[in-house]
Amino acid sequence: MRKNIVAGNWKMNTTVQEGVSLAGEVMAALKSTAHNCDVVICTPFTHLVPVAGVIDQNILGLGAENCADHTSGAYTGEVSAQMVASTGANYVILGHSERRQYYGENNETLKAKTRLALDNNLTPIFCVGEVLEERENGTYNDVVKAQVEALFDLSADDFSKIVIAYEPVWAIGTGKTATADQAQDMHAHIRQVIADKYGKEIAENTSILYGGSCKPGNARELFAKPDVDGGLIGGAALKAADFMGIVEAFN
Ligand code: 13P
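First, a word on what this report is: a plain description of the structure on this page. It should be emphasised that the depicted structure is a prediction, and the values quoted were computed from it without experimental measurement.

## Digging into the site of the ligand
And then number 1: For the ligand, the full set of nearby residues is Asn-9, Lys-11, His-96, Glu-167, Ala-171, Ile-172, Gly-173, Gly-212, Ser-213, Leu-232, Gly-234 and Gly-235.
And then number 2: At 2.9 Å, a side-chain N or O of Glu-167 approaches an oxygen atom of the ligand.
And then number 3: Interatomic distance of 2.8 Å between a backbone N/O atom of Gly-235 and an oxygen atom of the ligand.
And then number 4: Coverage of the ligand by the protein amounts to 96% of the 310 Å² it exposes when considered alone.
And then number 5: Of the residues assigned to the shell around the ligand, the class counts are three nonpolar, seven polar and two charged.

## So, the nonpolar core
And then number 1: Core analysis: the largest hydrophobic core is formed by 69 residues, its most contacted members being Val-6, Phe-159, Ile-190, Ile-194, Tyr-210, Phe-223 and Phe-243.
And then number 2: Element by element, the count of residues in this core is highest for helix α9 (residues 180-198), at eight residues.
And then number 3: In contact with Phe-223, not counting residues within four places along its chain, are Val-6, Cys-214, Val-228, Gly-230, Gly-231, Ile-246, Ala-249 and Phe-250.
And then number 4: By size, the runner-up hydrophobic cluster in this structure holds 12 residues, among which are Ile-5, Cys-42, Tyr-91 and Val-163.

## Regarding the sheet that holds strand β2 (residues 38-43)
And then number 1: An order of β1-β2-β3-β4-β5-β6-β7-β8 is seen for the eight strands of this closed barrel, with the pairing classed as parallel. The sheet shows a mean angle of 25° between the axes of neighbouring strands, direction not considered.

## Things to note about unusual backbone geometry
And then number 1: The backbone of Thr-14 sits at a positive phi, close to 80°, despite the residue not being glycine.
And then number 2: Inspection of the secondary structure assignment puts Thr-14 in the loop between β1 (5-9) and α1 (16-32).
And then number 3: Judged by its relative accessible area of 26%, Thr-14 is partly exposed.
And then number 4: The backbone phi angle of Asn-121 is positive, close to 60°, even though this residue is not glycine.
And then number 5: Mapped onto the fold, Asn-121 is located in the loop between α5 (107-119) and β5 (123-128).
And then number 6: A residue is classified by how much of its surface remains accessible, and Asn-121, at 65% relative accessible area, is exposed.

## Digging into the packing of aromatic side chains
And then number 1: Under the counting rule described, the total for this entry stands at six aromatic pairs.
And then number 2: Taking 4.6 Å as the distance between ring centres and 20° as the angle between the ring planes, the aromatic pair formed by Phe-159 and Tyr-198 counts as stacked. You can see Phe-159 sitting in helix α8 (residues 156-159) and its partner Tyr-198 sitting in helix α9, a full 39 residues away along the chain. Taken as a pair, Phe-159 and Tyr-198 share a single burial class, namely buried.
And then number 3: Here a set of aromatic residues connected by ring pairs shows up, and it is made of Phe-152, Phe-159 and Tyr-198.

## Details of the packing of α1 against helix α12 (residues 240-247)
A packed helix pair is summarised by two numbers, namely the angle formed by the two axes and the spacing between the axes.
And then number 1: At their nearest, the axes of α1 and α12 sit 9 Å apart, and the two run at 40° to each other. Put simply, α1 runs oblique to α12. Judged by the twist between their axes, the crossing of α1 over α12 is right-handed. Every residue of α12 that contacts α1 at Leu-22, Glu-25, Val-26, Ala-29 and Leu-30 is listed here: Ala-240, Phe-243, Met-244 and Val-247.
And then number 2: Here the residues of the contact of α1 with α12 are counted per class, giving eight nonpolar, no polar and one charged.

## Quick look at the pattern of salt bridges
And then number 1: Using the criterion set out here, one finds 19 salt bridges in the structure.
And then number 2: We note a salt bridge from Asp-157 to Lys-161, for which the minimum N-O separation is 3.8 Å.
And then number 3: With a relative accessible area of 52%, Asp-157 lands in the exposed category.
And then number 4: Of the residues examined, Lys-161 reaches a relative accessible area of 40% and is grouped as partly exposed.
And then number 5: Here Asp-229 makes a salt bridge to Arg-191, at a shortest N to O gap of 2.9 Å. Taken together, the residues span a long stretch of sequence, with Asp-229 in the loop between α11 (216-223) and β8 (230-233) and Arg-191 in helix α9 at a distance of 38 residues.
And then number 6: The exposure class assigned to Asp-229 is buried, which follows from its relative accessible area of 3%.
And then number 7: By relative accessible area, which is 4% here, Arg-191 ends up buried.
And then number 8: Each member of the salt-bridge network shares a partner with another, and the members are Arg-2, Arg-191, Lys-200, Glu-204, Asp-227 and Asp-229.

Cut-off values and rules
- Residues numbered from 1 in each chain as written.
- Predicted model: local features only at pLDDT ≥ 70, side-chain atom pairs only at ≥ 80, totals over all residues.
- Heavy atoms only, no water.
- Near = heavy atom within 4 Å.
- Polar contact = N/O pair within 3.5 Å; in protein donor to acceptor, adjacent residues only side chain to side chain.
- Areas by Shrake-Rupley, 256 points an atom, 1.4 Å probe, with all protein chains shown as cover.
- Nonpolar A, V, L, I, M, F, W, Y, C, P; charged D, E, K, R; others polar.
- Core = buried A, V, L, I, M, F, W, Y, C linked by side-chain atoms within 4.5 Å.
- Buried < 20%, exposed > 50% of the residue type's maximum accessible area, 1.4 Å probe, protein only.
- Helix = DSSP H or I, 4+ residues; strand = E, 2+ residues; numbered from the N terminus.
- Contact = heavy atoms within 4.5 Å.
- Pairing = 2+ DSSP bridges.
- Axes fitted to C-alpha atoms, helices over the stretch in contact; angles between N-to-C directions.
- Phe/Tyr/Trp six-rings, centres within 6.5 Å; stacked < 30°, edge-to-face > 60°.
- Parallel < 35°, antiparallel > 145°, perpendicular 65-115°, else oblique.
- Left-handed = near helix turned anticlockwise from the far one by under 90°.
- Salt bridge = Lys/Arg side-chain N within 4 Å of Asp/Glu carboxyl O.

Right, dumping it as structure tokens:
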């Protein structure tokens, strides 16, 4: 059976000290509150080692927000998948819309990053999602299908290690969430695209998270949908109480 997962994406927020404190708060809350899903925080690279020192990764998973598309060498400013793994992190967000939009990431770079993440035993949280224009002109199902298909060079065994996050770009940081029905329709579509390539069993076992203005107040309705297996949380992951409110939507 697929896992339910609530993952935080801190983006470019918090100092190391603030991040360690936030991770500690989330960790303490998880220890004292029953929860029915896996919980992960994805932090800036600088935070990974000190945060790993204050959490128990059997209770709270840790990930990076990106990794390089090369193994090692003369790529000034880049951080490799191997380096991420050496911090103790187990996850990496790949293909976030902000990386696609501002840093020119495309299917080719994302294929390379995914390969390197898997080779270093990191679980990719692979983001897909349409922009507003594509939602409005009705091409969103095709756009997202093409983004998922960037992974289809992977063997079935490798694909089964991927977590997908559907994040409609028009819902990210805008306060305008997709309706639960819009999320469900897209998640079912993604699952069908996966089933057509890898078969029903792998599709049924793939966790597909929703991201985009997910908050304690709307998480329960979104997560109640059969194909929504949790959330990738931006703004609301920066306050332990809000993040825990979303985690508790699975209780
Ligand atoms: P918000 O939750 O702030 O809309 O961000 C979503 C997101 O981009 C998570 O990766």
